[in-house]
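Architecture at a glance
The primary structure of each chain is shown beneath.
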Amino acid sequence: MSTPARRARPVAPAVLALRRLPNPRLTGIGAGLFAAAAMFVLACVDRLLFDASAVVFGVLFLPVSALTAFWVRPADLVTAPISVPIAFAVGIIPISGGTGGFGGQTMAVVTALAVHAGWLYGGTLVAGLIATVRKVRLMRARQRRMLLAAQTSRAPAGPPRSPRPEGQAPRPAGQAPRRRQR
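Just so it is clear, the structure is predicted and the values come from calculations on it, not from any experiment. As a convention, each chain's residues are numbered from 1 in the sequence order in which they are written. Local features are withheld for residues below a pLDDT of 70 in this predicted model, meaning they are given only at 70 or higher, and side-chain atom pairs are given and counted only at 80 or more; totals for whole chains, interfaces and linings count all residues. Excluded from the side-chain calculations are hydrogens and water; all other atoms, namely the structure's heavy atoms, are used.

Remarks on the nonpolar core
Stated formally: Think of a nonpolar core as a cluster: buried Ala, Val, Leu, Ile, Met, Phe, Trp, Tyr and Cys residues, connected wherever their side-chain atoms sit within 4.5 Å. Burial classification: accessible surface area is computed with a 1.4 Å probe over protein chains only, and a residue below 20% of its type maximum counts as buried, one above 50% as exposed, and the rest as partly exposed. Comment: elements are numbered from the N terminus, with helices defined as DSSP H or I runs of at least four residues and strands as E runs of at least two. Between two residues, a contact is recorded if the distance between any of their heavy atoms is within 4.5 Å.
Within the largest apolar cluster, 25 residues are counted, with the highest numbers of intra-cluster contacts made by Met39, Phe57, Phe88 and Ile92. For this core, the elements supplying multiple residues, two or more each, are helix H2 (28–50), helix H3 (54–71), helix H4 (80–91), helix H5 (101–115) and helix H6 (117–153). It is H2 that provides the largest number of residues to this core, a total of six residues. If we ignore the near neighbours within four places in the chain, the residues touching Phe57 are Met39, Ala43, Asp46, Phe88, Gly91, Ile92 and Ile95.

Quick notes on the environment of Arg25
Heads up, the rule is: A 3.5 Å cut-off defines polar contacts: any pair of N or O atoms within that distance qualifies, except that in protein one atom must be a possible hydrogen donor and the other a possible acceptor, and neighbouring residues in sequence count only when both atoms are side-chain atoms.
Residue position: Arg25 is located in the loop between helix H1 (13–20) and H2. On the basis of relative accessibility, which here comes to 41%, the residue Arg25 falls in the partly exposed class. Look past the residues within four positions of Arg25 in its chain and what remains in contact with it is Phe70, Trp71, Val72, Arg73, Pro74 and Arg134. Of note is the side chain of Arg25, whose polar atom sits 2.5 Å from the backbone oxygen of Phe70.

Regarding the packing of aromatic side chains
Worth spelling out the cut-off: Aromatic rings from Phe, Tyr and Trp, taking only the six-membered ring of Trp, are treated as a pair when their centres fall within 6.5 Å; an angle between ring planes under 30 degrees marks them as stacked, one over 60 as edge-to-face, and anything in between as tilted.
Scanning the model with the defined rule gives three aromatic pairs in all. A ring pair is formed by Phe34 and Trp71, whose centres lie 5.4 Å apart and whose planes are at 50 degrees; its orientation type is tilted. One end of the pair, Phe34, is in helix H2; the other, Trp71, is in helix H3, and 37 residues separate them in sequence. With centroids separated by 5.2 Å and ring planes inclined at 55 degrees, the aromatic side chains of Phe57 and Phe88 adopt a geometry described as tilted. Here Phe57 is found in helix H3, whereas its partner Phe88 is found in helix H4, with 31 residues between them in sequence. There is no split in this pair, since Phe57 and Phe88 are both buried. Among the aromatic residues, those joined into a cluster by ring pairs are Phe57, Phe61 and Phe88.

Concerning the packing of H4 against H6
How two helices pack is summed up by the angle between their axes together with the distance between the axes. The cut-off we apply is this: Geometry is summarised by axes, namely lines fitted to C-alpha atoms with helices restricted to the contacting stretch, and by angles between N-to-C directions that run from 0 to 180 degrees. Working definition: roughly parallel below 35 degrees, roughly antiparallel above 145 degrees, roughly perpendicular at 65 to 115 degrees, and oblique for all remaining angles. Should the near helix be turned anticlockwise from the far one by less than a right angle, the crossing is left-handed, and should it be turned clockwise, the crossing is right-handed. Nonpolar residues are Ala, Val, Leu, Ile, Met, Phe, Trp, Tyr, Cys and Pro. Charged residues are Asp, Glu, Lys and Arg, and all others, Gly as well, are polar.
Two numbers describe how H4 lies on H6: the axes approach to 8 Å, and their chain directions differ by 155 degrees. In terms of orientation, H4 lies roughly antiparallel with respect to H6. Judged by the sense of rotation from one axis to the other, the crossing of H4 with H6 is right-handed. For the pair H4 and H6, the contacting residues are Ala80, Pro81, Val84, Pro85 and Phe88 in the first and Trp119, Leu120, Thr124, Ala127, Gly128 and Ala131 in the second. Here the contact of H4 with H6 is built from residues that sort into nine nonpolar, two polar and no charged.

Okay, here's the thing in structure tokens:
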């Protein structure tokens, strides 16, 4: 009796929509630059449209953190949770509201980072969780591939063959092989 053909399961519309999105693979530096540039641009838009609202900036930081963690290439997964806080700090410069030169602007940025640390931790947590899940999935896929390769490369069933010629006894541990005499 033959087995029925594998039926294709219906795919959810949300999954189809996600598959249509771009799927770039950024290096660690590229992901950091993407996050920093995106947060700076979003902060400038926030300042123009929403009068430098920290809540709008924080809410926009969460999807940028997620995209950064999704788009970084597998070899650089560890950089996602490191680059997102830096991007938050770069993005908060336009909305910090500092005056009085470099010192005043620096104090405003430091104060804004301290006051809005919840958004900073939240975005870092999002990036860290996504990177961790991706890494675990990659490790499991690699383990499955290795197990499959080991199963397919096994020799056919039968008694194991000895590399020694018949009649030759195994040598004791630590003893060098004897030279053949001619």
